[in-house]
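The lines below spell out each chain.
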Amino acid sequence: MNTQAIKVIYKYEMMRAWETLAQSFASPVISTVLYFVVFGTAIGSRIESVDGVSYGAFIVPGLMMLALLTQSIANASFGIYLPKFTGTIYEILSAPISFVEIVIGYVGAAATKSFIIGLIILFTAGLFVPLEIAHPIWMLSFLILTCISFSLFGFIIGLWASNFEKLQLIPLLVVTPLVFLGGSFYSVSMLPPAWQTVTLFNPVVYLISGFRWSFFEVADVSVGLSLAMILVFLCICLIIVWWMFKTGYRLRQ
Amino acid sequence: MQPIVSISNLSKTYASGFQALKEVNLDIQPGEILALLGPNGAGKTTLISIICGIVNASSGSVTVGGHNIDTDYRITRSMIGLVPQELTLGAFEKVWNTVSFSRGLFGKKPNSDYLQKLLKDLSLWDKKDSMLMALSGGMKRRVLIGKALAHEPMILFLDEPTAGVDVELRKDMWALVQRLRESGVTIILTTHYIEEAEAIADRVGVINKGELLLVDDKQALMHKLGKRQLVIELEAELTNLPEALAPWSLESSEEGAQLIYTYDPHKTNTGINGLLQAVSEAGLLIKDVNTTKTSLEEIFVSLVNTK
Ligand SMILES: Nc1ncnc2c1ncn2[C@@H]1O[C@H](COP(=O)(O)OP(=O)(O)OP(=O)(O)O)[C@@H](O)[C@H]1O
Ligand SMILES: [Mg+2]
């Protein structure tokens, strides 16, 4: 194992985030807080509570998930797309490192960044509404698993993308709608029955539901199912990444 | 001596169907400087990229230090440093950081003394905290060399190190290559410049359309193919050549004002004495005498054209 390589990749990816502090941390946090103010305060004052939880608090897990998913994907996809775009990828390809080490370095750094963003959002939200976390360990586990899975997913997008448009395509056209329709701002049980069934095909529903359960013990689907879904997603991403490196997909001609 | 790099029957066909390398065989000896000479699109970069692990070979095999580049890539790649042809560098990084990154990437523990010496050798020390985008092209090229040497490789690949580099920097680069060789590094460089191969290489390989046409000692190559010409300029133009000069099979040019004699300088009897004597005996007045060496360029052109 080339631990030095993992270290430097991780370190320099984190350094890049640090140097663009405003862009990496401040902007996702600010936009989430804006959602929070608009939805939580403006709309929340008209909705009493959902499943016995005040609306302001109810949307916190969903908003965190929204930020985590978009940030994990954006960070990881850009992290690997950039060297491909500038050509500096030659150095990574010619280095004595395996695909596992590349993935740990890049995905680890991206996941760390979104983990930090998640925590900042949580603390900021705590300033607006009283938050109680029923199952802190579960909450952290969901948080970490989500960061890792979606950073992996972003890494795949970064490898696959051959131009900037493609880099933005999936996050914009697939992920954001899924998150918005995944129960970030409402409980699935508030929908008409037909839509409830449709919603169950949205994988993000399981993520948000599980995550919300770890806060308030209210869930749209069972926690076990939520956990299983996220693990399945993680495995699929791992298999795709493994296949990509095995075949040299879009990296080695 | 066991070759440090051994390439056998290496072929590469790109996904587009284009065959960039055809059954290349080449052994590179430890400590030598090998120049790969070839026109645009000959396959030089492809060959280097395969050895370094950037491009996958279609068939054939390569060993570095006796280890296979596919199965023992960790060993082989840590022996190699690569300076790419293009100036591929990030923009928002600092010189010191990018060089430290390279060292770590190749599995070496940080060593600021070594990196400091390296940057000083490359006259980059005063730029260590500069952003890469703020450097000139020549400086960027040196940063790339610094990155390639950051992990103390035994083998250095320089893909057109002096493209777009001014005369002074080119001389610096050659001096650096010599110093590296003295410290035991094996160097493989590609170039379009014949003078470059002539000036610094021990051996020269000529590559064209994916085929390695020949590899030979630079001296032997010059010896084998390096003919010389003696150009005799006459005071008066000759209408026809005197009978007595026939044995030298001279060519005449400039409407008879010049006689050209092609000879092999490595023979004991070059025939020059006899020729000059015969010229004066024929009553021709000599204005000037001049010899020219066939450069690698001409050798190269003749090789490429005969294939
Ligand atoms: N990724 C690729 N896909 C398809 N063809 C390629 C690819 N890379 C290189 N080639 C082709 O392979 C041939 C050899 O290219 P290569 O870059 O090895 O040449 P070179 O000798 O380094 O040339 P130059 O002196 O211009 O750098 C060229 O005809 C090139 O068009
Ligand atoms: Mg080239």
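Look above for the structure.
Notes on the structure follow. Note that the coordinates shown come from a computational prediction; the quantities given were computed from them, not determined experimentally.

Observations concerning the interface of chain A and chain B
The parts lose accessible area when they come together, and the size of an interface is often stated as this lost area.
Moving on, step 1. With 25 residues of chain A in contact, the opposing surface of chain B contributes 30 residues.
Moving on, step 2. Interface of chain A and chain B: buried area, both sides summed, is about 2,300 Å²; carbon and sulfur atoms make up 57% of it.
Moving on, step 3. Three residues stand out in chain A for area buried against chain B, namely Tyr 90, Pro 96 and Gln 253 of chain A, and they jointly supply 28% of the buried area on that side.
Moving on, step 4. At the surface where chain A touches chain B, the tally comes to two salt bridges.
Moving on, step 5. For Glu 91 of chain A, the salt bridge identified is with Lys 147 of chain B, shortest N-O distance 3.0 Å.
Moving on, step 6. One can count ten residue pairs in polar contact (both at pLDDT 80 or more) joining chain A with chain B.
Moving on, step 7. Where the side of chain A that touches chain B is concerned, the elements lending two or more residues are helix H1 (3–19) and helix H4 (89–93) of chain A.

Details of the coordination of the magnesium ion (ligand 2)
Moving on, step 1. Within the protein, the magnesium ion (ligand 2) binds to Thr 45 of chain B (OG1) and Gln 85 of chain B (OE1); these donor distances fall in the range 1.9 to 2.2 Å. In this pair, Thr 45 of chain B is assigned in helix H1 (residues 44–52) and Gln 85 of chain B in the loop between strand S6 (80–83) and helix H3 (95–105), connecting sequence segments 40 residues apart.

Some details on the packing of helix H5 (residues 99–128) of chain A against helix H6 (residues 136–160) of chain A
Residue and element names in this part refer to chain A.
Moving on, step 1. Orientation of H5 relative to H6, taken along the N-to-C sense of each, is 135 degrees, at an axis distance of 8 Å. Here H5 lies oblique to H6, going by the angle between them. For the crossing formed where H5 meets H6, the hand is right-handed. Contacts from Ile 102, Val 103, Tyr 106, Val 107, Ala 110, Ala 111, Ser 114, Phe 115, Leu 119 and Leu 122 of H5 reach H6 at Met 139, Leu 140, Leu 143, Ile 144, Cys 147, Ile 148, Ser 151, Leu 152 and Phe 155.
Moving on, step 2. Of the residues that constitute the contact of H5 with H6, the class distribution is 17 nonpolar, two polar and no charged.

Overview of the sheet that holds S6 of chain B
All names here are of chain B.
Moving on, step 1. The six strands are arranged S6-S7-S8-S3-S9-S10 in an open sheet whose pairing can be described as mixed. The sheet is open, and its two edges are formed by S6 and strand S10 (211–217), each paired on a single side. Direction aside, neighbouring strands of the sheet carry axes that sit 15 degrees apart on average.
Moving on, step 2. Here four bridges tie S6 to strand S7 (residues 155–159), and the two strands are oriented parallel to one another. Bridged to Gly 81 within S7 is Leu 156.
Moving on, step 3. Relative to S7, H1 is tilted by about 150 degrees, and along the sheet it contacts strand S3 (33–37), S6, S7, strand S8 (186–191) and strand S9 (203–208).

Conventions adopted
- Residues numbered from 1 in each chain as written.
- Chains lettered and ligands numbered in written order.
- Predicted model: local features only at pLDDT ≥ 70, side-chain atom pairs only at ≥ 80, totals over all residues.
- Heavy atoms only, no water.
- Contact = heavy atoms within 4.5 Å.
- Buried area = accessible area lost by both parts, 1.4 Å probe.
- Salt bridge = Lys/Arg side-chain N within 4 Å of Asp/Glu carboxyl O.
- Polar contact = N/O pair within 3.5 Å; in protein donor to acceptor, adjacent residues only side chain to side chain.
- Helix = DSSP H or I, 4+ residues; strand = E, 2+ residues; numbered from the N terminus.
- Donors = N, O, S within 2.8 Å, 3.2 Å for Na, K, Ca; no water.
- Axes fitted to C-alpha atoms, helices over the stretch in contact; angles between N-to-C directions.
- Parallel < 35°, antiparallel > 145°, perpendicular 65-115°, else oblique.
- Left-handed = near helix turned anticlockwise from the far one by under 90°.
- Nonpolar A, V, L, I, M, F, W, Y, C, P; charged D, E, K, R; others polar.
- Pairing = 2+ DSSP bridges.

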